[in-house]
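# Breakdown of the fold
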Amino acid sequence: MYGVFINSIGKFLPGNPIANDQMEDYLGRINDRPSKVKHRILKSNGIQQRYYALDQNQQTTYLNSQMAAHAVRDALSQVDLEPAAIDLLCAGTSWADLLVPGFASMVHGELPELSPLETITNMGVCCAGVAALKYACSQVKLGEKRAAIAVASEQPSRLFKHTHFETEASIKAGKPLSFDTEFLRWMLSDGAGAFLIQNHPNSTGISLKVEWIEMASHANAYPVCMYAGTDTESAQKSWMDYPSYAAAAEAGAINLRQNIRLLDNVIKLGVEGWLKLIELGRVHPDEIDWLLCHYSSHFFRGQIVELLEKAGCMIPEEKWFTNLYTRGNTGCASIYLMLEELFHSGKLQPGQKIFCFVPESGRFTTAYLLLTVVGEGREERREGSGEREDEKGEQGSREAEEVGEHSSLSKSPLSTSNFQLSTPHSSPPTPSAYLLHHLALTWLEFERKIRSVPMVRKLHRGEFTVEDYQALLRNLRPQVVEGARWIARAASNMTDFRLRSLFIGHAQDEHRDFQMLERNYVSVGGVLEDIVNAEKNIGSEALSAFIFHQASRENPVDLIGSMFIIEGLGNNLAGKWAEQIKATLNLQDDQVSFLAYHSENDESHIGKLNSLINAEWMTQEIAQRIVKTAQVTARLYLLQLEEIH
């Protein structure tokens, strides 16, 4: 197979940069009223300026396909290559100008200087541009094509004109725009980028060798997060199912929305994939010279940093490069525009490694790229203001504001307050660093898989019934009753007095929790004798047998892994379940108190594990035992939930 090289990168940014205080001059004021949430959202995302293909009369100045064509021309203008030599055009976007034909065909139509060639359209959200790039690189690598163009372009500004929102019946009735709808109005902007991909590097200057591209969708386990074409998050009704297009518009089905309460999952799934790549040896954090991460808001950058630091695989922030604050969030074109600016900055040197990370919120897709700089260093600089993270100062506030109110990462078993590693970048990793990395990966996989459990899927879809809640409590009770028992048994077999004391204290905290669970069961119509006499399901039997077996061994320190999973679930998921069950079944606080209590109480339990993670007696052998026990516990806990009903 052939090598694959990005030999030129072009861009197109329409018009002049637009500052925060000018945005409503271009997008318009809904019902002539200034937005009440604009300032909060902008303070959180940190964006200082962006570009719109609109004038101040809300008239379109460039079509999306025209912006893409301009970016392609910019890329071709930098190399000695006849446009007719291009034999593949791959185009990605979130929202094309037309429903039919495909976006790539429309871009090709704007480029008469090209020859007849193969085209492919990739539709999606932030990963659509990476998908276009991957197809182009694959064809060049196989030798099917010799010179390909991958282009990504976004023009969301047209969706945010005030007149579109004023069509909604609720707005006409004087109701404010929902936050999920207005949120994206102050987040997204226009722009396009294009790559020239060939099977050889440039003869002069630098090229970017594409080492690999990985993409993964998690739509099988997660609902839609960013969407248009429906007025409900269930996505069971299309805008085409309305009796008329006007009716769809009045229902708000045409508007672009984002469920910000799900955005934490985008970050966690992305970091999980990152950890897996490190585990497989595809990424070595110490070897990365530049990290380009497409985070849509400065707020989410903080969450990515937090998770990576806690997993012991952080790439130092002085190696991060972004232009979010000066070019805005341009969706699938963002990674193109970041690479374009870095490529022409004069900062790249042969041999440097560039790692790109692109999470997509549409229905939870993540993409990763590894590039190597080859050729000669260049002094050329093109206009731009991208910067390494340590140079940007205080761009963007880290205050959560509206977005942070819906964040759950602060309660995760991986959060800052829970684990601290003094040497997260040591090589080879210390036992503590190894342990934290693998516990983080185990947890993220467990949390992702638990969403696919039928009982949990019903809860997230709003189909949960009282019978489901009773079944959940009935199947959790054996584990809760036996929790204090196995912890006490483990304490009796500990050879270290400090560990014995810690486990005994933990057992004391747990020993009456089952009584709260029973009260919740009875309060929703359950019979006490039924839950007391209920048999364990297959998963509960397996989980109980495994943990008691481990607790009966000498010095069962590996049960720290079981505590990490079980307490982590209570801390990070139980509270969410309590709120969802309460809302779905119209219950009172005292009817979901068991789950709600563990959401808060287990946080202190997890915090106590910090000293154990970094204990002086921690060895590689003990760390591996803890990780294995955590993995087994996670799988058996899933089986316990899968066996309900």
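Coordinates for the structure precede this section.
The text that follows walks through the structure, step by step, so that each part is easy to find. (Residues numbered from 1 in each chain as written. Predicted model: local features only at pLDDT ≥ 70, side-chain atom pairs only at ≥ 80, totals over all residues. Heavy atoms only, no water.)

### Some thoughts on the overall build of the protein chain
Scanning the protein chain for helices and strands turns up 24 helices and 15 strands. Counting over 645 residues, the protein chain shows a buried share of 59%. Pairs at least 24 apart in sequence give 84% of the contacts found in the protein chain among residues at least 6 apart. Of the accessible surface of the protein chain, which amounts to about 25,500 Å², a share of 49% is contributed by carbon and sulfur atoms. (Helix = DSSP H or I, 4+ residues; strand = E, 2+ residues; numbered from the N terminus. Buried < 20%, exposed > 50% of the residue type's maximum accessible area, 1.4 Å probe, protein only. Contact = heavy atoms within 4.5 Å. Areas by Shrake-Rupley, 256 points an atom, 1.4 Å probe, with all protein chains shown as cover.)

### Things to note about the sheet that holds strand S11 (residues 290-293)
Paired through their backbone hydrogen bonds, the strands of a sheet run either parallel or antiparallel. With mixed pairing, the 9 strands of this open sheet are ordered in space as S5-S4-S6-S7-S1-S8-S14-S13-S11. Lying at the two open borders of the sheet, with one neighbouring strand each, are strand S5 (118-123) and S11. With direction set aside, neighbouring strand axes in the sheet form an average angle of 25°. Relative to the sheet, helix H13 (residues 334-343) contacts strand S1 (5-12), strand S6 (147-154), strand S7 (191-198), strand S8 (206-217), S11, strand S13 (353-360) and strand S14 (365-375), its axis offset from that of S1 by approximately 105°. (Pairing = 2+ DSSP bridges. Axes fitted to C-alpha atoms, helices over the stretch in contact; angles between N-to-C directions.)

### A short note on the environment of asparagine 45
Along the polypeptide, asparagine 45 turns up in helix H2 (residues 38-45). By relative accessible area, asparagine 45 is classed as buried at 0%. The spatial distance from the C-alpha of asparagine 45 to the C-alpha of histidine 298 is 4.7 Å, given a sequence separation of 253 residues. Look past the residues within four positions of asparagine 45 in its chain and what remains in contact with it is Trp186, Met187, Ser296, Ser297, His298, Leu324 and Tyr325.

### Section: the side chain of glutamine 640
Structurally, glutamine 640 is set in helix H24 (residues 620-642). Judged by relative accessible area, glutamine 640 falls into the buried class, the value being 1%.

### What to know about the packing of aromatic side chains
This structure, assessed with the given rule, holds 17 aromatic pairs. Look at phenylalanine 357 and tyrosine 368: their rings are 5.4 Å apart centre to centre, the planes differ by 5°, and that puts the pair in the stacked class. With phenylalanine 357 in strand S13 and tyrosine 368 in strand S14, the pair connects residues that are 11 residues apart, well separated along the chain. On the accessibility criterion, tyrosine 368 (4% relative accessible area) is buried. Across from the ring centre of tyrosine 242, 4.1 Å away, lies the NZ or CZ of lysine 237, which sits over that ring. Lying over the aromatic face of tryptophan 212, arginine 282 brings its terminal NZ or CZ to 4.7 Å of the ring centre. (Phe/Tyr/Trp six-rings, centres within 6.5 Å; stacked < 30°, edge-to-face > 60°. Lys NZ or Arg CZ within 6 Å of the ring centre and 35° of its normal.)

### Considerations on the packing of helix H17 (residues 466-492) against helix H22 (residues 560-585)
In contact at an axis separation of 13 Å, H17 and H22 are set at 155° when each is read in the N-to-C sense. In terms of axis orientation, H17 runs roughly antiparallel to H22. In terms of crossing hand, the pair formed by H17 and H22 is left-handed. Along the contact surface, H17 presents Val466, Tyr469, Leu472, Gln479 and Trp486, while H22 presents Ser562, Met563, Ile566, Ile581 and Leu585. Here the residues of the contact of H17 with H22 sort into 8 nonpolar, 2 polar and no charged. (Parallel < 35°, antiparallel > 145°, perpendicular 65-115°, else oblique. Left-handed = near helix turned anticlockwise from the far one by under 90°. Nonpolar A, V, L, I, M, F, W, Y, C, P; charged D, E, K, R; others polar.)

### Observations concerning a nonpolar patch on the surface
On the surface, Val522, Leu528 and Val532 cluster together into a nonpolar patch covering about 210 Å² of accessible area. As for its placement among the helices and strands, valine 522 is situated in helix H19 (residues 513-523). In this structure valine 522 comes out as partly exposed when scored by relative accessible area, which is 39%. (Patch = residues over 30% accessible without salt bridge, like charges linked within 9 Å, V, L, I, M, F, W, Y side chains within 5 Å. Salt bridge = Lys/Arg side-chain N within 4 Å of Asp/Glu carboxyl O.)

### Considering the pattern of salt bridges
As enumerated under the stated definition, the model contains 23 salt bridges in all. Aspartate 25 is the salt-bridge partner of arginine 29, the closest N and O atoms lying 3.9 Å from each other. Relative accessible area serves as the criterion here: at 35%, arginine 29 is assigned to the partly exposed category. Given a relative accessible area of 31%, aspartate 25 falls into the partly exposed group. In this structure, arginine 327 engages glutamate 341 in a salt bridge whose closest nitrogen and oxygen atoms are separated by 3.1 Å.

### Digging into the environment of proline 556
Here proline 556 is to be found in the loop between helix H21 (538-551) and H22. Along the chain, proline 556 and isoleucine 487 lie 69 residues apart, while their C-alpha atoms are 10.0 Å from each other. Every residue in contact with proline 556, bar those within four places of it in the chain, is listed here: Ala490, Asn493, Met494, Gln550, Ala551 and Arg625.

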